[in-house]
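Spelled out from the first residue to the last, the chains are:
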Amino acid sequence: MDTINPKKLAHVTSVFPNKVKIEVADLTAFKENIDDALGDLKIGSYLEISDDEGCKLIAIIESYQIELKERIITNEDGNKEKEIYNAYILEASPLGTILNNEFTRGGDALTIPPTEVKPASHSDIKIIYENGFKPDEKFLFSTLSQDENIEVPVNGNKFFNKHFAIVGSSGSGKSHAIAKILQNAVNEKKHNYEGLNNSHIIIFDIHNEYQTAFQNANILNIKNIILPYWMLNSEELEELFLDTEANDHNQRNVFKEAITNNKKYCFKGDLSFKEKINYDTPTQFNFHEVLNYAKNRNNEKKDSKTNTIQWKKHDGNIISFEEQNYPVLFSETLEGQGTATGTLNGKLINFINRLESKINDKRLDFLLGEKSQNISFEDAIKQFIGYKTRLSNVTIIDLSGVPFEVLSITVSLISKLLFDYGYFYKKYLDDGADLETPLLLVYEEAHKYVPKDNSAKFRSSRKAIERIAKEGRKYGVTLGIVSQRPSEISETIFSQCNNFIAMRLTNPNDQNYVKKLLPDTLGNLIENLPSLQSGEALLLGESIIMPSLVKIDKCDPDKQPSSNDVNYLEIWKDEWKNVEFDKIIQEWEK
Ligand SMILES: Nc1ncnc2c1ncn2[C@@H]1O[C@H](COP(=O)(O)OP(=O)(O)OP(=O)(O)O)[C@@H](O)[C@H]1O
Ligand SMILES: [Mg+2]
């Protein structure tokens, strides 16, 4: 049975390196015992634990329990008696210590025994955030949830220099958070110069919701984007054009042969490079010629005496299957010539149909059309980092119209291009200097194209983004991963993220997943995630002075992403509306 001085409002009952247990005898008095307390005491609030040396340990409340306990008190008559009381047990995780107004992360400076514990004061917490970083490193987009007068900065260099993730259930405020963070980044300027700063942000916008938030952005969609299909690697080309499940070797061999040789045929530069061109080399080639080649192979006939494959040209001349005749096989539709059918005769029909329907599919013009064949690497890059039509800090890639079957390779192609840009830029600098135009790639609904499971459908986008996750930082290419379903995202991606904005998260699988990512000591804070309000988040990681429960600043009303909740009841209360179906259908058919 404890013997406690009832006048002492709270005392520390145990101190571990990663946990402090506090028993509070009178919670109301405990909360009111300091003059400049922060807002309400709740999970995520800070406590201040002091020692005799003037050192204060700041700890964040992780859990809260009530225990019925007995204690001996001295009653009014001076006699000792037993009393049953509610003991409030707070478990808190030490974050760091304040000594001489300076905050240091880590909790081992406190001398034992601690002498006092109380809710952290407004002034102390303010000092921590204010003095945490040098003024030119501070980057702001949130305030402390407990007290909105306290701004919570992150170290902007550390925040953008490493990958970050924003996770939260639908409606928790992820899109608004991204919009606010990027709007602030675009507005940061070293001096008061006119014009754009040097930020380069690419948003993969799957629902077309960011245009309203970035009115000066470059908007790319399937009507104006040009993707160089010739930069697809062999795996991606096969994913797109071959029926991989049929596992047909003939198809694969002809496809490989046609593309490799057509790349050589189209290449007009250095001979020694030409000889090295292979299936994967990113140089231009012509899909119509590849198709023609396949059609000719499907027509091939054999001279049974000499056993040579032959065709008849339009001018009546006979040609055989030799390297020097590739140009004809690419450019003319020939007739098989011989007494017997060739090995591939009639075997490529499905493949040809597939190839033909893809090449002629108007919806895929942005990827397989003439412009895609001719676009240079330079122009392809420029369109994504704001140097093409008009200069712009933010490029929004509106993926909403991209046909599902090419979504993965579209994302992968753009990601690879941007990674290559960083890689070659660094190589060009040659002296180990950093890229002068560091890029941030933001993936909305990232679980869609970097899924955890090894599904073939998203293999290419997953590979491309995982590569950036692992190596991008060295080349000034970082990721912003946004997802409602963190547990469904590739672990490689998450394990490389250094900063997390965890918003309301209701699914237990997702909560557990995020919990695993946190240091053991902070795991319990995750219990808090289901009850967060829209716009509230747990800010964790290297760029923040200490883990903090924050409220993300709201976007200006006229610069919000167009993802706001629909006011159903308000709209339903209106009178019946006539719908202009024809105009909607026109949109569909555009
Ligand atoms: N910082 C904020 N403060 C107040 N309200 C906010 C804040 N952020 C978002 N909200 C509100 O929450 C709602 C949902 O926000 P948002 O669209 O950003 O959520 P989301 O997490 O991106 O959802 P989804 O996963 O469905 O895309 C909006 O109506 C918005 O007004
Ligand atoms: Mg959203």
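See above for the structure.
Below: a short report on this structure. (Residues numbered from 1 in each chain as written. Chains lettered and ligands numbered in written order. Predicted model: local features only at pLDDT ≥ 70, side-chain atom pairs only at ≥ 80, totals over all residues. Heavy atoms only, no water.)

### Re the layout of surface pockets
Looking at the largest pocket, its volume works out to about 1,200 Å³. Around the largest pocket, the lining comprises 31 residues; the ones closest to its centre are G156, N157, F160, N198 and P438. Those elements that place two or more of their residues in the lining of the largest pocket are β8 (138-144), α3 (156-161), β11 (200-205), β19 (439-443) and β20 (477-483). Here the element with the most residues in the lining of the largest pocket is α3; it accounts for 4 residues. Tallied by class, the residues present in the lining of the largest pocket amount to 12 nonpolar, 9 polar and 10 charged. (1 Å grid on protein atoms, 1.4 Å probe; cavity = no way out; pocket = protein on both sides within 12 Å on 5 of 7 lines; lining within 4 Å. Points joined across faces, edges and corners; volume = space filled by probe spheres on them. Helix = DSSP H or I, 4+ residues; strand = E, 2+ residues; numbered from the N terminus. Nonpolar A, V, L, I, M, F, W, Y, C, P; charged D, E, K, R; others polar.)

### With respect to the pattern of salt bridges
Counting across every chain of the model gives 26 salt bridges. Notably, a salt bridge pairs E236 with K416, separated by 2.7 Å at the nearest N-O pair. Remark: K416 occurs in helix α14 (residues 404-429) and E236 occurs in helix α5 (residues 234-241); sequence separation between them is 180 residues. What makes E236 buried here is its relative accessible area of 3%. Each member of the salt-bridge network shares a partner with another, and the members are E257, R297 and E300. (Salt bridge = Lys/Arg side-chain N within 4 Å of Asp/Glu carboxyl O. Buried < 20%, exposed > 50% of the residue type's maximum accessible area, 1.4 Å probe, protein only.)

### Here we look at the nonpolar core
Ranked by size, the top nonpolar core spans 146 residues in total, and within it Y46, I125, F287 and Y443 carry the most contacts. Broken down by element, the residue count for this core peaks at 12 residues, all from α14. What Y443 contacts, discounting residues up to four positions off in sequence, is F204, V411, S415, Y449, I465, I468, L479, G480, I481 and V482. Residues A10, V12, F30 and Y88 belong to the second largest nonpolar core, which totals 17 residues. (Core = buried A, V, L, I, M, F, W, Y, C linked by side-chain atoms within 4.5 Å. Contact = heavy atoms within 4.5 Å.)

### Some remarks on the pairing of strand β14 (residues 308-312)
Here 3 bridges tie strand β13 (residues 301-303) to β14, and the two strands are oriented antiparallel to one another. Note on β14: the bridge partner recorded for K301 is Q310. The turn linking β13 back onto β14 is made up of 4 residues, and N307 within it adopts a positive phi angle of 60°. Taken together, the 3 bridges between β14 and strand β15 (residues 318-320) define a ladder with antiparallel strand orientation. Opposite W311, over in β15, you have I319 as the bridge partner. Following β14, the chain reverses through 5 residues before pairing antiparallel with β15; G316 in that reversal takes a positive phi of roughly 90°. The pairing of β14 with strand β16 (residues 335-336) spans 2 bridges and is classified as antiparallel. Within the sheet, the bridge partner assigned to W311 lies in β16 and is G336. (Pairing = 2+ DSSP bridges.)

### Let's talk about the packing of α14 against helix α15 (residues 459-471)
Look at α14 against α15: their axes get within 7 Å of each other, and the N-to-C directions meet at 25°. It follows from the interaxial angle that α14 and α15 lie roughly parallel. α14 and α15 meet at a crossing whose hand is left-handed. Facing α14, whose interface residues are S408, I409, V411, S412, S415, K416 and F419, α15 presents R459, S460, S461, A464, I465, R467, I468 and E471. Residue composition of the contact of α14 with α15, by class: 6 nonpolar, 5 polar and 4 charged. (Axes fitted to C-alpha atoms, helices over the stretch in contact; angles between N-to-C directions. Parallel < 35°, antiparallel > 145°, perpendicular 65-115°, else oblique. Left-handed = near helix turned anticlockwise from the far one by under 90°.)

### Side note on the environment of Y210
In this fold, Y210 is placed in the loop between β11 and β12 (218-220). Look at Y210 and you get buried, because its relative accessible area is 0%. When the C-alpha positions of Y210 and I396 are compared, they lie 7.3 Å apart, and in sequence the two are 186 residues distant. For Y210, the residues in contact, after removing those within four places along its chain, are S175, I178, A179, I203, D205, I396, E444 and P561. A distance of 2.5 Å separates a polar atom in the side chain of Y210 from a polar atom in the side chain of E444. (Polar contact = N/O pair within 3.5 Å; in protein donor to acceptor, adjacent residues only side chain to side chain.)

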